[in-house]
Amino acid sequence: MRFFDLFELPVSFQIDSDLLLERYREIQKKVHPDNHANASDNEKLLSVQRASEVNDAYETLKKPLNRAEYMVSEHGFDVRHEQHTIRDGVFLMQQMELREELEELESASDIEAAFDRFYADIKKLMTEYTTKFESEFEQGSYELAADAVRKLRFIYKLKDEAQQIEEKLLDF
Amino acid sequence: MALLQIAEPGQSANPHEHKLAIGIDLGTTNSLVASVRSGEAKVLPDSQGRFSLPSVVHYGADRSVTVGFDAKTNAEHDPENTIVSVKRFLGRGLADIQSTYGKLPYIFVEKENKLSLLTSQGEKNPIEVSAEILYVLKQQAESTLGGDLVGAVITVPAHFDDAQRQGTKDAAQLAGINVLRLINEPTAAAVAYGLDSGQEGIVAIYDLGGGTFDISILRLNKGVFEVLSTGGDTALGGDDFDSKIVESILAKAGIDTELSAKSLRKLADLGCKIKEQLSDIDSVDYEIEIESETTPQKISGSFSKQDFENSIADLVKSTLRSCRRALKDADVEKDQVLEVVMVGGSTRVPFVREQVKAFFDKEPLTSIDPDQVVAIGASIQADLLAGNKPDSDMLLLDVTPLSLGLETMGGLVEKVIPRNTTIPVARAQEFTTYKDGQTMMAIHVLQGERELVDDCRSLARFVLKDIPPLTAGIAVIRVTFNIDADGLLSVTALEKSTGVESSIQVKPSYGLEQFEIADMIKSSMTNAKEDIQARMLREQQVDAIRMMEALDAAMTESPELLLDDDQLAIEQAIGKLKLATKGTDGQAIKHAIKFLDDTSQPFAARRMENSIKVALTGHSVDKV
């Protein structure tokens, strides 16, 4: 896979983030437009393009959800842009319950503690589906791996929403 | 390989010769220029030894244009023609300005999304006014440094949007300055401090200037300055502190009628004076004569430190809210912040320092003059970009401060690049037609964090034509956003099945078109002395020399990447360019540059890929 190859890292969800960061910096020191400020127009363009790609690759591998999405997209499952509905009734029911729980957090007596509990629940789900994604991916069941990533997208989105609500409530 | 023997007067054929480059802090109230000389970055004083130039431009009825201290003395008696704090108007429309700044002593004219100020010398665009300031700084630098500049790094508030950045770059072009890079003010400050201390870790830069507030969170590591997040307010600064004082004085005196331009200017100056005095003493007595409904009126009283702190408390609180958000965006806790750096004149206000200290629970750093630190940092980066430090390990990785998106159905904004994404960046999004046989699609580019189009800033609109008439939902239109290292956006749209393309360098509303800039250069007062033809020729010659030097260095450095055919072709192209450079035909030089550029392209590409390999294998353990 292109992005893993770029940083000379093995294709795996488990990633050495320190090594990734170190290699990202080393590569940017070479390709970044600041190192080509005196170059010809073609070389400047080349440098902007290369630096953009390196930034994109780093951003993609750095964050777990992006990394998982990228890994399945390389096997033909573009979960980020597809119109796909999850049909797993149990999962959807669980999501609805979590959403209801989120709405009720506002009226909790200790808001911060309530949010902390909520985040802990979300984290459990993240771990569950991340593990599922990893094992399906390793076995080459990309369809099932993609399904786990779709669910992870739901869970991450819920976390973002929770954080936004918390921000508003606590007057950030 | 001795390829070059061209030495123009004032230029050297020796590529290792120190090139003159400057850093400019184009501030709301004051502007500065700095340069690295004998390894030391210093602000360059004017002929009278003053370090900062007031960002004030006066257009006299006698066609004279004065900038700086002389212009400032005119502010009170000729307020309509004395443009103060023009930076606040860059890339802004009239409605914006009026809602943000209230009463101002200027006559604004707005036509077709272009804003100007009506002066005794006609309409002046904020970009032209800014160019006057830049021109003076450039002259000052050239006379101090004694030579032609290869270029400048100009700083902008981190929170500036695309229109404001583009406006700044256009102003530099008008002033005849080659912009090496636009960099963010807090990032520049971090460079000035970082190189000084050599520290590693998380740093927060709190930058409160005359008209803008920025907060940036950076991670410093082995010469890499990585901006993790940035935030702020482009319309909050020391000027607003002054206005708060004025509001409070007028309220006390019970005045709520329309005031004359002169009175407004006088009051603004009074506000500023009171603010400055309150840094040292606890209370200031004032007396001022103003015209209210054409009747002169005297108001007097005393203004205490407590009054001042009460009136600015909300403003300062709002800066701290931005700090909290920036920390969160960076995914950093307060106690991970190693240092807090204070930048900008308004951080001299003791109340601001106290509040920042309390927020971060840390004594903020003020060891470099907060007025000079940005210009100093910019000059260090300019020195690097000019190629004076080939062995430097320093690299700035900055981010885009605001999310960029496109309008979709129902007046909603679909984000394409979220805020705090490291630049340069390219991102694409695909859309489809919603009507059968639709052959055109309007593309509306927006900047901001909100979900509704009306709440975001409109950057540009363009139309992709000649889409093949297909059933709704079949045509695939790919819109690509590119943000370059200056933080400037360009957008391209492509229909995938036919390859029909439409692209624009986003020229935002309230910006200038390229031909307008060219016209302004021709007609501008400041440049009338220079022969435009001569200037263009000179620029082409400098470009040619720079390019041949760079190529020479590259060929010497990596001869192994030079294939036999390349070498011959490149040498021939260099020969052509050398010949053209000796002539006086600017156009011929331009063509020869382009030819050499295209000829050496494969070599440049090989070098780029090779440099990545070298960067990794040098550090990789599994590779021996």
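Residue numbering note: each chain is counted from 1, following its sequence as written. Chain A is the first chain written and ligand 1 is the first ligand written, with later ones labelled in order. In keeping with the predicted nature of the model, local features appear solely for residues at pLDDT of at least 70, side-chain atom pairs appear and are counted solely at 80 or more, and the whole-chain, interface and lining totals rest on all residues. Note that water and hydrogens are dropped before the side-chain values are worked out from all heavy atoms of the structure.

> Sorry if this is basic, but what is going on with the sheet that holds strand 22 (residues 412–417) of chain B here?
In any sheet, the strands associate via hydrogen bonds between backbone groups, in a parallel or an antiparallel arrangement. Residues and elements named next belong to chain B. When DSSP finds two or more bridges between a pair of strands, those strands are recorded as paired. Secondary structure elements follow DSSP: runs of H or I of four or more residues count as helices, runs of E of two or more count as strands, with numbering from the N terminus. Strand order in the open sheet made by the four strands is 22-21-25-26, with antiparallel pairing throughout. A single partner strand is all that each edge strand has here, and the edge strands are strand 22 and strand 26 (457–464). Across this sheet, the average inter-strand angle for adjacent strands is 30 degrees, counted without regard to direction. Looking at chain direction, strand 21 (residues 404–408) and strand 25 (residues 441–447) are connected through three bridges and run antiparallel. Note on strand 25: the bridge partner recorded for Gly405 is Leu446. Here an angle of 0 to 180 degrees is reported between the N-to-C directions of two axes, which are lines fitted to C-alpha atoms, with helices fitted over the stretch in contact.

> What is the right way to look at helix 7 (residues 142–169) of chain A in this model?
Residues spaced three or four apart along an α-helix point in a common direction, a consequence of the helix completing one turn every 3.6 residues. The end-to-end C-alpha separation of helix 7 of chain A is 40 Å, in line with the 40 Å expected for 28 residues at 1.5 Å each. Only protein chains enter the accessibility calculation, which uses a 1.4 Å probe; a residue is then buried when its area is under 20% of its type maximum, exposed when over 50%, and partly exposed in between. When we look at burial in helix 7 of chain A, the residues that qualify are A:Ala145, A:Ala146, A:Ala148, A:Val149, A:Arg150, A:Lys151, A:Leu152, A:Ile155, A:Leu158, A:Ala162, A:Glu166 and A:Glu167. Between two residues, a contact is recorded if the distance between any of their heavy atoms is within 4.5 Å. Those residues of helix 7 of chain A that are buried are in contact with helix 4 (64–73), helix 5 (89–105) and helix 6 (111–138) of chain A together with helix 8 (305–330) of chain B. Here the expected length of a helix is defined as 1.5 Å per residue gap, with one fewer gap than residues.

> Hey, could you run me through the interface of chain A and chain B in this one?
The figure often quoted for interface size is the accessible area lost as the parts come together. Listed per partner, the contact involves 41 residues of chain A and 43 residues of chain B. What counts as a salt bridge is simple: a side-chain nitrogen of Lys or Arg found within 4 Å of a carboxyl oxygen of Asp or Glu. At the boundary of chain A with chain B, the tally comes to five salt bridges. The shortest N-O distance in the salt bridge between B:Arg181 and A:Asp34 comes to 2.8 Å. Pairing of N or O atoms within 3.5 Å defines a polar contact, subject to two protein rules: one partner must be a possible hydrogen donor and the other a possible acceptor, and residues neighboring in sequence count only if both atoms are side-chain atoms. Taken together, the connections running from chain A to chain B amount to 15 residue pairs in polar contact (both at pLDDT 80 or more). Contributing elements (two or more residues each) for the side of chain A that touches chain B: helix 2 (17–31), helix 3 (41–62) and helix 7 of chain A.

> Sorry if this is basic, but what is going on with the environment of B:Arg50 here?
Relative to the helices and strands, B:Arg50 resides in the loop between strand 3 (40–43) and strand 4 (53–54). In this view, B:Arg50 contacts B:Leu44, B:Pro45 and B:Phe69; residues no more than four positions away in its chain are not counted.

> How do you make sense of the pattern of salt bridges when you look at a structure like this?
Any two side chains of opposite charge can pair, given that their charged atoms come close. Residue and element names in this part refer to chain B. Summed over the entire model, instances satisfying the criterion amount to 42 salt bridges over all chains. Close ionic contact of Glu430 with Lys496 constitutes a salt bridge, the shortest N to O distance being 2.8 Å. With a gap of 66 residues between them, Glu430 in strand 24 (residues 425–432) and Lys496 in the loop between strand 28 (489–495) and strand 29 (501–505) connect regions that are remote in the sequence. The class of Glu430 is partly exposed, set by a relative accessible area of 40%. Its relative accessible area of 45% is what places Lys496 among the partly exposed residues. A salt bridge links Arg607 to Glu557; its shortest N-O distance comes to 3.4 Å. A residue pair is termed long-range when its members are at least 10 positions apart, and Arg607 in helix 14 (residues 586–617) and Glu557 in helix 12 (residues 532–557) qualify at 50 residues.

> Teacher, can you tell me more about the confidence of the model for chain B here?
Detailed reading of the predicted model is not advised wherever pLDDT is low. All names here are of chain B. pLDDT is defined as a per-residue confidence score from the predictor, taking values between 0 and 100. Mean pLDDT over chain B works out to 86, with 91% of the residues at or above the 70 mark. Element-level pLDDT for chain B is lowest in strand 29, with a mean of 63, against a maximum mean of 97 in strand 1 (residues 21–26). A low-confidence stretch, residues 1–13 stays under pLDDT 50, and its non-local contacts, those more than four residues away or across chains, total 26 contacts. Scored as a complex, the prediction yields pTM 0.86 and ipTM 0.87.

> Just checking my understanding: could you explain the pairing of strand 28 of chain B for this structure?
Along a regular strand, successive side chains alternate from one face of the sheet to the other. Residue and element names in this part refer to chain B. Of the two faces of strand 28, the one lined by Leu489, Val491, Ala493 and Glu495 is fully buried and the one lined by Ser490, Thr492 and Leu494 carries no buried residue. Sheet topology note: the strand 27 (residues 476–483)/strand 28 ladder contains seven bridges and is antiparallel. Of the residues in strand 28, the one forming a bridge with Thr480 is Thr492. Linkage of strand 27 to strand 28, two consecutive antiparallel strands, is achieved through a turn of five residues, within which Gly487 is found at a positive phi near 85 degrees.

> Explanation requested: unusual backbone geometry in the structure shown.
Of all residues except glycine, most have a negative phi; of all peptide bonds, most are trans. Residues and elements named next belong to chain B. Note the cis peptide between Ile423 and Pro424, where omega equals 0 degrees. Note on placement: Pro424 falls in the loop between strand 23 (421–422) and strand 24. The phi dihedral of Asp466 falls on the positive side, at around 60 degrees, and the residue is not glycine. Counting through the fold element by element, Asp466 comes out in the loop between strand 26 and strand 27.

> What is the right way to read a negative patch on the surface from this model?
Residue and element names in this part refer to chain A. Patches here: salt-bridge-free residues with over 30% relative accessible area, like charges joined within 9 Å, nonpolar side chains (Val, Leu, Ile, Met, Phe, Trp, Tyr) joined within 5 Å. For accessible areas, the Shrake-Rupley method is used with a probe of radius 1.4 Å. Any residue's cover is judged against the shown protein chains and nothing else. The positive count covers Lys and Arg only, the negative count covers Asp and Glu only, and His and the chain ends enter neither. Here the site of a charge means NZ on Lys, CZ on Arg, CG on Asp, or CD on Glu. Residues Glu97, Glu100, Glu101, Glu103, Glu104, Glu106 and Asp121 make up a contiguous surface patch of negative charge. Top element by residues in the negative patch is helix 5. It accounts for five residues. Examined against the element boundaries, Glu103 turns out to sit in helix 5.

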